[in-house]
Amino acid sequence: MKAKKFLSILLAVLMLVAVFTACGGKEDKNSSSAADSTKSSKTESSDPDASDAGEGPEEAAEITIMMDGDNTPNATNLVLDKLGEMTNTKINMIYTPTDDAATKRSTMAASDTLPDMFRVINVVTEAQEYADAGLIYNLAGLEDKAPNWFKNAGELLNQVPANKDGAIYYVPDGQLGYAYNLNIRTDWLNNLNMEMPTNLDELYDVYYAFTNNDPDGNGKKDTFGLATDSDPRSFDSIFGAYGIPANKNNIVLDDGTVSIYTKHPNYLEAIKYIRRLINDGLVEPDWLTIPPMDKFGKMWNGVAGAMEFQCVGPTNNWMPGRYTEEVTPTFGFAVIEGPDGSKGVSPQFANITGGWCIAARTENIDACLRVADFCCTDEGNDLLYLGVEDVMFKWIDRDNGEYEYLGEYTDGTKQRAEGGFCYSWLCPPAVNCEMRCFNAQTREGVDLAHENMITEGVVDCQDVLQTRSDYGSDMDSVISEMYVALLQAGSDDELQGIFDEYMKRWETEAHGAEWEKEITEWYNANK
């Protein structure tokens, strides 16, 4: 019953954020069907032989799929074998590190060697360029060959710039990203006789105690408060305590201009608080250079006591196999209130900037559509997320999302080596296996994070504007450089000068002022 209630809440959130996604608050024909994109995918058939009923089974077609991620699955593994069996295909998987994916796609596009199926993030520039160059397949008219996949995308298909004049070159996942939680180890709080913090002063005290007061009781000074890296969302709740939706979010300023979140009037006050944590040694000492997986490792190995991240990791996906301590840690979620009563985290919106294309050069379009359609069912996504049923895991109570891993696959490293989890974003349903299998605490954490998203005054147009497409990387680069320069400044007295210098560069050299003009006009026309 709790699982069904959680999914109902999630669907309601998806419907709500679709309004923000389309046009900063306007409700129109392109933003009203987020609910359609999250309906159950069990009603349509994904039988690999359905299109050739009466003709006998066809020979398995060979296709190549390119995915990216930070895991290391074996080149051949149980999950890919099972996926091929279920879809009557032979799958060659190109699995590349996320940081290299865009470059690899560009190289393959230049030589017209794109794989049969591949994921695209930039729906304005990349997807449009591929469509204009005739490199990706126009799927219009083929919807009946992958009914689950197209139904999942629903009206979001119409919001993709490349899908104009009735064409379908790009199929968005339509998933609502997880908002962040401030995950804090409650076992450490108990060891130190401390309560869950609720404001910035209490938060500092917790991080100080986690760093200096031996929270794990081993008699050594070998812990610190917060696991961080160079992403501003490492301090998401702190920015939220100052009313700031971090992470590239756009906000409406007092004069009606739409601009980047760094122009929020409280931005430098948040920076000062973060600087204090860094300068007092209460966070990851290598925050500037540490890779994400190494940051996670500080939580797994019992070095850090808190992390700003989707609770799905610490309280669900990492339980218990990722943790190395003899006793598995326990967590709670803090909501931090700022000086003026502000609180919250960066918002997440129904996503059109993550989705899939099929190469025009494919010789096996039906096989590609079979794979896409099967992966977009509960059964398919269960396979990609958990692994092969009764070999790698078994259901305990499927209706309530309860399962257990089997044998050696209780070790997360071995489960992923055989393909578990690594391909779970291959044409996924909007309500995916991960969501359906959350434990009770994680459901509560996801609901809490969504309830605390900062949405008032936030404008989201998912990078569909031309200036953002042309100059987005330049704008982001300047903001990232400024963030590091501010945190590494010699004193707080230097912050305003550094801020002014970088924001001037952002407005001129990176064309931020042009983007402000375009997005403000877009917002006023669509609000």
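Going along each chain's sequence as written, the residues are numbered from 1 onward. pLDDT decides what is reported in this predicted model: residues at 70 or higher carry local features, side-chain atom pairs at 80 or more are listed and counted, and totals for whole chains, interfaces and linings draw on all residues regardless. Side-chain descriptors were evaluated using all non-hydrogen atoms of the structure, hydrogens and water having been removed beforehand.

**Q** How should I be thinking about the sheet that holds strand β1 (residues 61–68) in this particular structure?
**A** By definition, the strands of a sheet pair up through backbone hydrogen bonds, in either a parallel or an antiparallel sense. Ordered by their spatial adjacency, five strands build an open sheet running β2-β1-β3-β11-β4, and the pairing between neighbours is mixed. Since the sheet does not close on itself, it has two edges, and those belong to β2 (89–96) and β4 (171–172), each with one partner. Pairing between two strands is assigned when DSSP locates at least 2 bridges connecting them. Going along the chain from the N terminus, every DSSP run of H or I of four or more residues is numbered as a helix, and every run of E of two or more is numbered as a strand. The pairing of β1 with β2 spans eight bridges and is parallel. Bridge pairing in β2 places E62 opposite K90. By definition in these notes, contact holds between two residues if any of their heavy atoms fall within 4.5 Å. Simply put, an axis is a line fit to the C-alpha atoms, just over the touching stretch for a helix, and the angle between two N-to-C directions goes from 0 to 180 degrees. Along the sheet, helix α12 (residues 365–375) contacts β1, β2, β3 (117–120) and β11 (355–358); its crossing angle with β1, the most-contacted strand, is approximately 50 degrees.

**Q** Sorry, what's going on with helix α10 (residues 292–300) here?
**A** Two residues of an α-helix separated by three or four positions point the same way, owing to the 3.6 residues in each turn. Listed as buried for α10 are K295, F296, G297, M299 and W300. Considering only its buried residues, α10 is in contact with β6 (224–227), β9 (304–309) and β10 (331–334). Looking one or two residues beyond α10, the residue adopting positive phi is G302, at roughly 75 degrees. Relative accessible area decides the class of each residue, using a 1.4 Å probe on protein chains only: under 20% of the type maximum gives buried, over 50% gives exposed, and in between gives partly exposed.

**Q** Is there a simple way to think about helix α7 (residues 200–212) in this case?
**A** To estimate the expected span of a helix, count its residues, drop one, and scale the result by 1.5 Å. Between its first and last C-alpha, α7 extends 18 Å over 13 residues, near the 18 Å set by a 1.5 Å rise per residue. Those residues of α7 that sit buried are L200, L203, Y204, V206, Y207, A209, F210 and T211. The secondary structure elements touched by the buried residues of α7 are β5 (181–185), α6 (186–191), β6, α8 (236–241), α9 (267–279) and β9. Capping the start of α7, N199 holds a side-chain oxygen 3.1 Å from the backbone nitrogen of D201, two or three residues further along. Immediately beyond the C-terminal end of α7, within one or two residues, lies D214, with a positive phi of roughly 55 degrees. Any N or O atom pair separated by 3.5 Å or less is treated as a polar contact, with the protein-specific requirement of one donor-capable and one acceptor-capable atom, and with residues adjacent in sequence counted only for side-chain atom pairs.

**Q** Looking at this model, I keep getting lost on the nonpolar core. Mind explaining?
**A** Generally speaking, a soluble globular protein has its nonpolar side chains buried in company with each other. One finds F239 and Y267 to be the most contacted residues of the largest nonpolar core, which totals 60 residues. Apart from the residues within four sequence positions on either side, Y267 is in contact with F239, I244, Y261, T262, M482, Y483, L486 and F499. Nonpolar cores are built from buried Ala, Val, Leu, Ile, Met, Phe, Trp, Tyr and Cys residues. Side-chain atoms within 4.5 Å join them into one set. I63, W149, A367 and L369 belong to the second-largest nonpolar core, a separate cluster that totals 40 residues.

**Q** Help me understand the sheet that holds β5 in this model?
**A** Reading across the sheet, the four strands line up as β6-β9-β5-β10 and stay open at both edges, with mixed pairing between neighbours. Sheet topology places β6 and β10 at the edges, where each strand pairs with a single neighbour. The average undirected angle you get between the axes of adjacent strands in this sheet is 25 degrees. Where β6 meets β9, three bridges bridge the pair, whose relative direction is parallel. Of the residues in β9, the one forming a bridge with L226 is A306. Relative to β10, helix α16 (residues 440–451) is tilted by about 10 degrees, and along the sheet it contacts β5 and β10.

**Q** Which parts of the structure should I look at to understand the side chain of S346?
**A** For S346, the position within the fold is in the loop between β10 and β11. Among the residues examined, S346 registers a relative accessible area of 0% and is labelled buried. Looking at S346, its side chain comes within polar contact range of the side chain of D236, at 2.6 Å. Of the polar contacts made by the side chain of S346, one reaches the backbone oxygen of A246; its length is 3.1 Å. Aside from chain neighbours lying at most four places away, what touches S346 is A179, R233, D236, P245, A246, N247, N249 and M453.

**Q** Explain the confidence of the model for the chain to me, please; I cannot follow it from the model alone.
**A** When pLDDT is low, close inspection of the predicted coordinates is not appropriate. As a per-residue quantity, pLDDT reports the predictor's confidence and falls between 0 and 100. Summary statistics for the chain give a mean pLDDT of 89 and a share of 88% for residues scoring 70 or more. A low-confidence stretch, residues 11–54 (pLDDT under 50), is modelled with 94 contacts involving residues beyond four sequence positions or located in other chains.

**Q** How should the pattern of salt bridges be read in this particular structure?
**A** Where charged atoms from two side chains of opposite charge come close, those side chains can pair. Here a salt bridge means any side-chain nitrogen of Lys or Arg lying within 4 Å of a carboxyl oxygen belonging to Asp or Glu. The tally for this structure, following the rule as stated, stands at 21 salt bridges. Residue D378 pairs with R436 through a salt bridge whose shortest N-O separation is 3.6 Å. Taken together, the positions of D378 in helix α13 (residues 378–386) and R436 in helix α15 (residues 433–436) put the pair 58 residues apart, joining distant regions of the chain. The same class applies to D378 as to R436, namely buried. Taking the shortest distance from any N to any O, the salt bridge between E521 and K517 comes out at 2.8 Å. Taken together, the residues E521 and K517, both in helix α19 (residues 512–526) and four residues apart, mark about one turn of the helix. Classification of E521 by relative accessible area gives partly exposed; the value is 46%.

**Q** Help me out: how do you make sense of the pairing of β11 in this one?
**A** Every other side chain in a regular strand lies on the same face of the sheet, so the side chains alternate between the two faces. Across the two faces of β11 the burial is the same, with G355 and C357 and W356 and I358 all buried. As paired elements, β3 and β11 share four bridges and run antiparallel to each other. Bridging across to β11, F118 finds its partner in C357. Bridge count between β4 and β11: two bridges; the pairing is antiparallel. Within β11, the position partnered with P172 by the bridge is G355.

**Q** Would you take a moment to explain the packing of aromatic side chains for this structure?
**A** Think of a pair of aromatic rings as described by two things: how far the centres are apart, and how the planes are tilted against each other in angle. Two rings from Phe, Tyr or Trp (for Trp, the six-membered ring) form a pair when their centres sit within 6.5 Å of each other. Planes less than 30 degrees apart are called stacked, planes more than 60 degrees apart edge-to-face, and all others tilted. A complete count under the given rule lists 25 aromatic pairs for this structure. Centroid distance W188 to F210: 5.2 Å. Interplanar angle 85 degrees. Geometry classified as edge-to-face. Of the two residues, W188 sits in helix α6 while F210 sits in helix α7, which places them 22 residues apart along the sequence. Plain terms: the ring middles of F421 and W425 are 5.7 Å apart, the flat faces sit at 75 degrees to each other, and that makes the pair edge-to-face. Look at F421 and you get buried, because its relative accessible area is 17%.

**Q** Even after reading the chapter, I still don't get the environment of P320, so can you show me in this structure?
**A** Within the secondary structure layout, P320 lies in the loop between α11 (312–317) and β10. P320 gets classed as exposed once you look at its relative accessible area, which sits at 54%. Between the alpha carbons of P320 and G412 there is a distance of 9.0 Å; along the sequence they are 92 residues apart.

**Q** Any chance you could explain unusual backbone geometry here in plain terms?
**A** Most peptide bonds are trans, and most residues other than glycine sit at a negative phi. In the segment running from M319 into P320, the intervening peptide bond is cis, with an omega of -15 degrees. The phi torsion at H511 lies on the positive side, around 65 degrees, for a residue other than glycine. By the element assignment, H511 lies in the loop between α18 (495–508) and α19.

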